[in-house]
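Spelled out, the chains give:
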Amino acid sequence: MRLRGFDQASLNSSYVNAVTKYLDTNELDVLARFMGLSVIDARGVSHPLETHPNTLRRLAHVGDELFHEIYRLVL
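Residues numbered from 1 in each chain as written. Predicted model: local features only at pLDDT ≥ 70, side-chain atom pairs only at ≥ 80, totals over all residues. Heavy atoms only, no water.

## Quick look at the environment of arginine 33
Then, number 1: By secondary structure assignment, the location of arginine 33 is in the loop between α1 (5–25) and β2 (38–40).
Then, number 2: Each C-alpha atom of the pair arginine 33 and tyrosine 15 lies 8.9 Å from the other, and the pair is 18 residues apart in sequence. (Helix = DSSP H or I, 4+ residues; strand = E, 2+ residues; numbered from the N terminus.)

## What to know about unusual backbone geometry
Then, number 1: Positive phi, normally seen in glycine, also occurs at asparagine 26, with a value near 65°.
Then, number 2: Within the secondary structure, asparagine 26 is located in the loop between α1 and β2.
Then, number 3: Taking relative accessible area as the criterion, asparagine 26 reaches 51% and is therefore assigned exposed. (Buried < 20%, exposed > 50% of the residue type's maximum accessible area, 1.4 Å probe, protein only.)

## Some thoughts on the nonpolar core
Then, number 1: Judged by nonpolar contacts, the single largest core of 13 residues is most densely connected at Tyr15, Leu31, Phe34, Leu49 and Leu56.
Then, number 2: Per-element tally for this core: the top contributor is α1, with six residues.
Then, number 3: Not counting residues within four places of it along the chain, the set of residues in contact with leucine 56 comprises Tyr15, Val19, Tyr22, Leu23, Leu31, Glu50 and Thr51. (Core = buried A, V, L, I, M, F, W, Y, C linked by side-chain atoms within 4.5 Å. Contact = heavy atoms within 4.5 Å.)

## Considering the packing of α1 against helix α2 (residues 53–60)
Then, number 1: Two elements in contact, α1 and α2, have axes whose closest approach is 11 Å; the angle formed by their N-to-C orientations is 90°. Regarding the angle of α1 to α2, the classification is roughly perpendicular. The segment α1 lies against α2, with Tyr15, Val19, Tyr22 and Leu23 engaging Pro53, Leu56, Arg57 and Ala60.
Then, number 2: Split by residue class, the contact of α1 with α2 holds seven nonpolar, no polar and one charged. (Axes fitted to C-alpha atoms, helices over the stretch in contact; angles between N-to-C directions. Parallel < 35°, antiparallel > 145°, perpendicular 65-115°, else oblique. Nonpolar A, V, L, I, M, F, W, Y, C, P; charged D, E, K, R; others polar.)

Printed below as a string of structure tokens:
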């Protein structure tokens, strides 16, 4: 997915870092600031950020894609 601009890419990067920290530590607090937020792709479509702990655990075991293979900054 290509994200719309630096702000969206930055939000997504912060979110991915928080999810990684949650998966490593089980600290739910790191996900709190992303509840109800979305990122907007290059086409203007909004994608909600997943913050449900069980869903994140399940998704962590689904694929092996790297961050840079999934998200790209569009200028």
